[in-house]
Structures are given as C-alpha cells and as structure tokens.
Amino acid sequence: MNPTELILKNFEKVSSIPRGSKNEAAIRNWLIEWAAEHNCTSKTDAAGNLVIYVPASAGYEDRPTLILQGHMDMVCQKTLESTHDFTKRPHSTYPRR
C-alpha cells in the first residue's frame, strides 16, 4: 500500500468512529490499539488525555524530541431538522446524494 492509500485508509477508519466532544472513549481506544500494533507505548490520565510515544526512526535517536498535540474529538453541528445522532453514527466523509 502506498503512503497516500495508507493515509486515506486511516482517515476513513478514524472518520467511522463517532467522537463528538465528551464522547472520545471509542477513538481513544482505537488510538491505543493502533499504538500497540505499531510498537508504540501510550498512557492515559484521569481526564482521558492520551499520549502516544513513537520511537525515533533509525539514525535519528540522538535528535531532539518532537511533540505533536491534537484533539481526539470533533465539534458536531447539524441543522435543526436533522435526525443524525452523532453519539452513535459517525461523520460521513462522502456527500449524500
């Protein structure tokens, strides 16, 4: 699988997991599993924050540590007439026709 296909595959998987604010457990669990499958360690604190430790690539072990920060949740907005339940149904990555 080429890098673009791998990125899109992971994007689709993340997008298939409902993860509105205060509903991050499923995405957190998926990220923890992803980390373990890729030989990365992780830890979660009492508030649900997740840190994944990715080892340096070969030959870069002596370089400074890089920290990336992001959000696991997403802000879910819908129209008043929408019946979409963001707590149970994921966000669609494809427009409805």
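Our structure's up above, just so we're on the same page.
Computed from a predicted model, the values in this text were never measured in an experiment.

What counts, and at which threshold
Residues numbered from 1 in each chain as written. Predicted model: local features only at pLDDT ≥ 70, side-chain atom pairs only at ≥ 80, totals over all residues. Heavy atoms only, no water. Helix = DSSP H or I, 4+ residues; strand = E, 2+ residues; numbered from the N terminus. Rg over C-alpha atoms; globule rule 2.2 N^0.38 Å. Buried < 20%, exposed > 50% of the residue type's maximum accessible area, 1.4 Å probe, protein only. Contact = heavy atoms within 4.5 Å. 1 Å grid on protein atoms, 1.4 Å probe; cavity = no way out; pocket = protein on both sides within 12 Å on 5 of 7 lines; lining within 4 Å. Points joined across faces, edges and corners; volume = space filled by probe spheres on them. Nonpolar A, V, L, I, M, F, W, Y, C, P; charged D, E, K, R; others polar.

J.: Please provide a residue-by-residue account of the overall build of the protein chain, values included.
T.: Helix and strand content of the protein chain: two helices and two strands. Secondary structure elements of the protein chain, listed N to C terminal, follow the sequence α-α-β-β. Since a compact globule built from 97 residues should have a radius of gyration of about 13 Å, the 16 Å found for the protein chain marks it as more spread out than a globular shape. With the principal axes as the frame, the protein chain shows a C-alpha extent of 55 × 35 × 20 Å. Looking at the 97 residues of the protein chain, the share that counts as buried comes to 16%. Intrachain contacts of the protein chain at a sequence separation of at least 6 include 38% that bridge at least 24 residues.

J.: How would you explain the layout of surface pockets if you had to name every residue and give the values?
T.: Approximately 1,300 Å³ is the volume found for the largest pocket. Forming the walls of the largest pocket are 33 residues, and the residues nearest its centre are Leu-50, Val-51, Ile-52, Leu-68 and Gln-69. Secondary-structure elements contributing two or more residues to the lining of the largest pocket are helix H1 (3-15), helix H2 (25-37) and strand S2 (50-53). Among the elements that take part in the lining of the largest pocket, H2 stands out by supplying five residues, more than any other. Among the residues making up the lining of the largest pocket, the classes are represented as 20 nonpolar, seven polar and six charged.

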